[in-house]
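Coordinate inspection notes
The chain contents come next:
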Amino acid sequence: MNMLTAPILTTKRWVLSTIVLLLVVTTQLTGVTHAAIELKQPPATMRLDITPVRAPAYLGYQDILQAMQNPSGPSFNKSQANRYWYIIPVKNTAANTLKAFISNPRLVPISTTIYLLDEKDRIINVINYDTDDYELPQTFTPGLTLPVSLSAGAQHTIMFSVDTAVRPYFPLVLRGEKAFSSHVQQRLLLHGIMAGGLIVLLIYFALSHLYQQTGARLWLAGTCLLLLALLATLQEPVTRWLNFIQFGEYILSGLGLAFLFAMGKFTHSLFSRIPLWLKLINLSLPLVVIFISVYPLSFAPLFIELLCIPVYGALQILLCVLFQDRRNLSLSRLLGVAWLLLSLAWALFLVQFSSIVLPLVSSPASAAAALLSGMCVLAVCVLLAERNMSSQQINTQARAIDDLHVFYHLFKNSAEGLYTSAVDGTLKTINPAMCSLFGYDNEQQMLQEVNDTSDFYADPSQRDVLVGELLENKTVTGREIMGRKADGTQFWFSISCQLHKDSDQTFLSGSIIDVTERKLSDINLNYMATHDSLTGIYNRQEFESALSQALTTLTDDQPLILLYLDLDRFKAVNDTCGHKAGDALIKELAGQLNTLLNSRGTLARLGGDEFGVLMSSQTQESAYELANSMVEAVRDYRFYWENHVFSVGVSIGLLNASQYSCDPAQALFMADAACHLAKQQGRNQVYCYQRNDERLQQYEQELDWVQILNTALQDEGFELFYQHYRPLHSISKGDCYEILLRLRLSDGTLADPASFMPPAERYNLTARLDRYVIQHTFAWLEANPRHLARLQYCNININGQSLVDTDLRRFLLTLFERSKVPGDKICFDISETTAAAHKLSIQEFIDTFRAQGCHFALDNFGSGFSSYACLKALPVQCLKIDGNFVKGLMTDPLDSAIISSFKSIAKAGDITTVALCVEDESTLTQLGRLGIDYAQGNIIAKPQPLCEFKPL
């Protein structure tokens with residue numbers, strides 16, 4: 001069964017040396033055979049265990065025979081010994097001539113010279129079994145076979161000279177003529193059976209592959225072909241033609257590599273779930289084995305070639321187990337059985353080289369049976385895998401049919417209109433929902449009456465646009481189009497469609513839903529988003545968008561006029577008759593103004609009683625005349641409401657936007673500023689924006705301050721300062737100071753309240769400023785508990801607008817509730833003018849926070865006409881004398897008398913007095929003589945940042 005060694009046994013140097021070593025140990029041969037082998041009758045099969053003689057190559061056979069006569073055995077120089085001699089004396093003791101055959105069943109032949117000597121050691125024949133001289137018979141022989149004829153009583157000596165430096169595996173078997181003939185016939189029969197079985201499998205796999213087109217059959221056919229090639233290479237005269245003596249190892253290595261590669265691909269074709277990287281590793285392992293066999297490594301064990309088939313088979317079984325199809329578990333089991341049979345065939349072949357195991361089993365026949373059985377099991381694996389694949393395909397087809405039924409059911413019962421048409425518009429298929437959507441009774445009627453799907457569109461050109469987009473993008477989703485029903489009524493539908501090909505024809509398939517209600521709702525929402533709900537004209541957002549677009553497309557020779565209208569005396573209507581009357585007035589005036597414009601401009605409502613007009617077809621002169629016409633029309637208009645008659649006016653600011661480089665926000669700001677000046681000049685008039693107008697510049701500066709203040713409040717651009725009070729008649733019981741507010745400008749300078757408080761008061765920002773000061777003062781006091789402990793009073797100014805702000809009051813109550821700052825350490829300064837204007841609100845404020853322990857001071861006392869009345873009405877604990885009286889104290893006796901009167905009144909009410917703006921020592925001394933309790937001014941301490949606080 002030599003052909004089984006081809007896949008793996010690519011070189012026999014290591015394997016055969018190991019086997020010979022086992023034979024030597026088993027037979028316990030310690031010397032060269034001297035006694036002749038006596039043949040009394042035709043011999044049966046006899047295994048010759050001969051220990052070779054190692055000698056230098058320059059010695060001849062006579063030198064070897066002479067050395068063998070030495071009683072102590074041959075002695076040669078081992079360093080020069082590179083040839084091995086096998087000596088076999090044979091004697092015929094029978095009465096007739098006997099013929100024997102001495103065979104060397106090596107898988108790969110080795111260069112050998114054979115000497116046949118007579119009883120006197122004379123050469124009868126010399127045979128060179130080499131690459132250049134191959135004289136053995138041309139008929140089939142199992143390896144190197146030497147026929148020897150012995151006459152009665154004759155004795156011959158046979159010497160095999162093997163030219164190699166390493167002791168080869170060189171087994172010798174002696175057979176008689178009948179035994180040899182029987183052996184040859186058995187081998188031929190065995191090889192024929194194997195070849196026939198492999199040919200049958202090859203034809204079956206090859207032909208079935210043409211029909212099934214499966215990779216597993218192709219690789220099994222290739223495997224059978226490789227095994228046939230291996231079997232053929234072991235036959236004479238094929239080995240002679242292939243020059244096996246020289247190239248045998250390489251031929252067998254190549255065939256073995258191809259066999260393992262084909263088996264690996266067979267495994268991959270059955271188990272497609274194996275990842276690519278693992279497939280590559282699996283196919284590269286045979287290369288590693290063959291490389292180690294041809295080029296042995298020093299660390300590789302000698303028996304590695306013997307394990308390649310079982311180990312590679314175990315790896316294939318492991319891959320099958322890891323990546324098996326759970327729906328076909330028997331496939332991996334059968335494949336494991338097949339690899340076990342192949343490994344068994346390999347093992348049974350190896351035992352024929354063991355003198356112990358050989359008598360127990362008929363290894364060639366068993367190996368052949370195991371090999372063919374393994375290939376048949378592999379064929380069953382293919383059938384099982386294909387049957388499972390066919391079953392899965394049937395299941396897939398069944399599911400596809402079920403899906404088609406489900407799809408057909410969905411198609412017929414879908415709430416959306418579904419259809420298919422040709423690109424030219426011919427309608428192919430529709431569902432009932434499509435018929436209902438377009439007002440047809442059934443599918444047959446619709447298919448007959450609709451010749452072109454362009455009939456679905458209110459504007460047939462819309463279909464051409466849709467098809468063009470489909471040809472470009474292959475799909476359209478959610479396109480909303482105005483459609484037309486069978487009775488001619490129009491409605492809105494949403495269409496989603498795509499192109500697909502079937503039988504080399506292009507079709508358009510899509511779905512349609514009725515979105516009329518939502519579309520009308522969207523139209524209404526869009527209208528409401530761009531129009532004022534009360535007047536029906538454009539709102540501020542749409543007006544600003546139109547203004548932005550006009551400014552973007554503005555050219556040098558194109559005028560762009562912006563009018564800003566603000567109604568005068570409109571508040572009187574709301575206050576007298578309510579907001580319902582005011583809305584009616586706004587609506588009527590908007591209609592009149594829109595009629596007066598007569599498409600010469602775009603009218604929009606910008607606010608409660610503010611309107612805007614944008615004109616791009618009028619010059620500044622014609623726009624000015626039109627604006628005056630609006631003023632006269634509003635002036636002449638009379639509004640009647642429930643026995644009331646009202647006359648209103650309008651102030652208009654005109655801006656020629658084409659003369660200025662501005663954005664929409666700036667343009668509205670400038671027009672608004674012009675309108676503000678029109679009001680200041682007496683109302684009911686038109687003012688044209690002029691950048692060099694001082695009044696306009698002042699107004700714009702105030703608006704700039706508003707923007708700066710808003711930015712500073714958002715980005716915390718303010719800084720807190722403090723200024724100490726000094727007691728004039730007592731020892732200080734703690735720190736007393738006033739919190740001051742400063743604004744850090746973009747150039748790094750600090751602005752005092754005199755710069756930014758007037759615009760803050762005018763545009764109602766004081767409450768936010770006071771909240772900022774209070775919140776940050778409390779935060780700083782909490783962050784400095786030691787300072788808080790020695791603090792006597794911390795004065796914080798509160799503006800009049802803040803005192804009437806309920807939100808600020810609630811904020812302060814929450815702050816005292818959460819803060820650790822005691823109320824008795826806080827004193828709120830209220831200006832006298834504020835106190836006179838908001839007595840009731842201030843009284844409520846004081847009552848609320850006196851309960852928290854807070855103190856209150858009347859600031860700038862004496863600057864108003866009702867100073868004493870405020871002092872009498874409000875329960876304050878401190879008077880802060882206006883600085884105008886303090887500055888003239890040393891030069892004006894009247895100021896001294898006034899301050900003395902303030903002190904007398906304060907003393908009567910047990911009120912502390914504080915003199916402001918003290919700038920020199922003489923004034924400070926005089927204030928002390930007048931009995932003033934505290935003084936504040938630069939002579940005592942200049943304002944400093946609160947974060948850098950230092951005690952006085």
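Here is a short report on the structure shown in this document.

1. What to know about the sheet that holds strand E15 (residues 505-514)
The 5 strands lie next to each other as E12-E11-E15-E14-E13, forming an open sheet whose pairing is antiparallel. Every interior strand has two partners, whereas the edge strands, strand E12 (427-430) and strand E13 (475-484), have only one. Recorded for the sheet is a direction-independent mean angle of 30° between the axes of neighbouring strands. Pairing between E13 and strand E14 (residues 490-502): 8 bridges, direction antiparallel. By the bridge assignment for E14, Arg479 is matched with Ile495.

2. Digging into the packing of helix H16 (residues 570-577) against helix H17 (residues 579-597)
Their axes nearest at 6 Å, the elements H16 and H17 cross at an angle of 140°. Residues Phe570, Val573, Asn574 and Cys577 of H16 lie in contact with H17, whose contacting residues are His579, Ala581, Gly582, Leu585 and Ile586. Grouping the amino acids of the contact of H16 with H17 by side-chain chemistry returns 6 nonpolar, 3 polar and no charged.

3. What about unusual backbone geometry?
The phi angle at Asp910 is positive, at roughly 55°, despite the residue not being glycine. Locating Asp910 in the fold gives a position in the loop between helix H30 (893-908) and strand E31 (912-915). A relative accessible area of 70% places Asp910 in the exposed class. Backbone geometry places Cys917, a non-glycine residue, at a positive phi of 60°. As for its placement among the helices and strands, Cys917 is situated in the loop between E31 and helix H31 (921-929). A relative accessible area of 32% places Cys917 in the partly exposed class.

4. Side note on the side chain of Lys880
Topologically, Lys880 is positioned in strand E30 (residues 878-881). When its relative accessible area of 0% is taken as the criterion, Lys880 is described as buried. Within the structure, the side chain of Lys880 is placed 3.2 Å from the side chain of Glu738, a separation counted as a polar contact. Every residue in contact with Lys880, bar those within four places of it in the chain, is listed here: Tyr725, Glu738, Asn795, Asp829, Ala857, Leu858, Asp859, Asn860, Phe861, Val914, Leu916 and Gln936.

5. Let's talk about the packing of aromatic side chains
Inspection of the entire model under this criterion finds 30 aromatic pairs. With centroids separated by 6.1 Å and ring planes inclined at 15°, the aromatic side chains of Phe639 and Trp641 adopt a geometry described as stacked. Of the two residues, Phe639 and Trp641, both sit in the buried class. These aromatic residues form a ring-pair network of at least three members: Phe778, Phe816, Phe828, Phe845, Phe849 and Phe856. Stacked on the ring of Phe491, the Lys or Arg Lys485 has its end atom at 5.1 Å from the ring centre. Arg742 extends its terminal NZ or CZ atom over the ring of Phe721, reaching a point 5.7 Å from the ring centre.

6. Some details on the pairing of strand E18 (residues 610-615)
Across the 6 residues of E18, 5 count as buried, placing the element largely inside the fold. Direction of pairing for strand E17 (residues 602-605) relative to E18: antiparallel, over a ladder of 4 bridges. Pairing of Leu603 across the sheet is with Val613, part of E18. Between E17 and E18, which pair antiparallel and follow one another directly, the connecting turn spans 4 residues.

Basis of the calculations
Residues numbered from 1 in each chain as written. Predicted model: local features only at pLDDT ≥ 70, side-chain atom pairs only at ≥ 80, totals over all residues. Heavy atoms only, no water. Pairing = 2+ DSSP bridges. Helix = DSSP H or I, 4+ residues; strand = E, 2+ residues; numbered from the N terminus. Axes fitted to C-alpha atoms, helices over the stretch in contact; angles between N-to-C directions. Contact = heavy atoms within 4.5 Å. Nonpolar A, V, L, I, M, F, W, Y, C, P; charged D, E, K, R; others polar. Buried < 20%, exposed > 50% of the residue type's maximum accessible area, 1.4 Å probe, protein only. Polar contact = N/O pair within 3.5 Å; in protein donor to acceptor, adjacent residues only side chain to side chain. Phe/Tyr/Trp six-rings, centres within 6.5 Å; stacked < 30°, edge-to-face > 60°. Lys NZ or Arg CZ within 6 Å of the ring centre and 35° of its normal.

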